[in-house]
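# Notes for the structure review
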Amino acid sequence: MLGTVIGGNDQFGNITAGIDLIHKLKNTTQGTPPPSNDTFEPAYGLTVPLLTTPSGEKFGKSAGNAVWLDENLTSPFELYQFFVRLPDEVVAKYLKIFTLLPISTVAQELDTHFASPEKRSAQHLLAKEVVTMIHGETKAGKAGIQTRLLFPAPGDHLSFTGQEILENFAGSQHGGVIEVPRDEVVGQLVSKLARKIGAVNTRGEADSMIKGGGLYVGLENRKVSDIKARVEEEWLVDGEVLVVRFGKGRFVIVKVV
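Here the structure is a predicted model, which is why all the values come from computation and not from measurement.

### Describing the sheet that holds strand 7 (residues 250–256)
The strands making up a sheet associate through hydrogen bonds between their backbones, and the pairing can be parallel or antiparallel. One open sheet accounts for five strands, arranged 3-7-6-4-5; its pairing is mixed. With one partner strand each, in any of the chains shown, strand 3 (177–180) and strand 5 (222–223) form the two edges of the open sheet. By the bridge criterion, four bridges tie strand 3 to strand 7 in an arrangement that is parallel. Paired with Ile178 across the two strands is Val254, which belongs to strand 7. Running at roughly 130 degrees to strand 7, helix 7 (residues 162–169) makes contact with strand 3, strand 6 (241–246) and strand 7 of the sheet.

Rendered as structure tokens:
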């Protein structure tokens, strides 16, 4: 009988209790005769350091910050977002833990990243590698496009066509595409459109969101700060698609018909 258990170092007590149980079973003198020593091999316990947040908090269900491999629990977009939002102080460590990239490649990528950290290139690489391993290249590519479109880095000049946007956001679990007649979009109050697409429920909520700087439109991620602002034709991509982002990572792609 060979026993080897590997767990996080927070499970040290459980692991040593298991080893102690095996020791007692091997050396018992009561009841049925113990198995022959020939059938027993040493029992081993191995602990590894926990993966923690920069503040030292562990990841997991009990901590309320778990991410899942099952896309029904954590979508590819959410998983990509999780890694893109990581601070610089942990990205180098995570690239070495979670990817199969050569150390030399990681070092080169980090040099590039820290030359322009605001672009978060190392985080995007990490996110792409992890999501590709779990969900495949196609879903990782779509999650990357969605992220860059919704949360462009400073200095980004996005050149997506309206059709590319529609294809990459169709069926999204976190927003998706809504068709709205042109006369209900162009020239209409942004606050009214926000209510129509379900970003808010009331005009008061719309006004509060706009005043608080929580609503953005277009490829330029333009902040709408005037509650009397109206949707302008130039905000539309190819004259048919309006990107509306609001709240914490929520969005709607408006297809003007």
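### A word on the pattern of salt bridges
Scanning the model with the defined rule gives seven salt bridges in all. We note a salt bridge from Lys196 to Glu184, for which the minimum N-O separation is 2.8 Å. One end of the pair, Lys196, is in helix 8 (residues 190–196); the other, Glu184, is in the loop between strand 3 and helix 8, and 12 residues separate them in sequence. Residue Lys196 is classed as partly exposed on the basis of its relative accessible area of 47%. The closest approach of N and O atoms between Arg222 and Glu220, which form a salt bridge, is 3.9 Å. A cluster of three or more residues bridged by salt bridges with shared partners is formed by Glu220, Arg222 and Glu234.

### Overview of the packing of helix 6 (residues 137–150) against helix 7
It is at 10 Å that the axes of helix 6 and helix 7 come closest, and there the two elements cross at 120 degrees. Judged on the interaxial angle alone, helix 7 and helix 6 are oblique. The chirality of how helix 6 crosses helix 7 is left-handed. Counted together, Lys142, Ile145, Gln146, Leu149 and Leu150 of helix 6 and Ile165, Glu167, Asn168 and Phe169 of helix 7 form the full contact between these two elements. Taken together, the residues of the contact of helix 6 with helix 7 break down into five nonpolar, two polar and two charged.

Criteria and cut-off values
Residues numbered from 1 in each chain as written. Predicted model: local features only at pLDDT ≥ 70, side-chain atom pairs only at ≥ 80, totals over all residues. Heavy atoms only, no water. Pairing = 2+ DSSP bridges. Helix = DSSP H or I, 4+ residues; strand = E, 2+ residues; numbered from the N terminus. Contact = heavy atoms within 4.5 Å. Axes fitted to C-alpha atoms, helices over the stretch in contact; angles between N-to-C directions. Salt bridge = Lys/Arg side-chain N within 4 Å of Asp/Glu carboxyl O. Buried < 20%, exposed > 50% of the residue type's maximum accessible area, 1.4 Å probe, protein only. Parallel < 35°, antiparallel > 145°, perpendicular 65-115°, else oblique. Left-handed = near helix turned anticlockwise from the far one by under 90°. Nonpolar A, V, L, I, M, F, W, Y, C, P; charged D, E, K, R; others polar.

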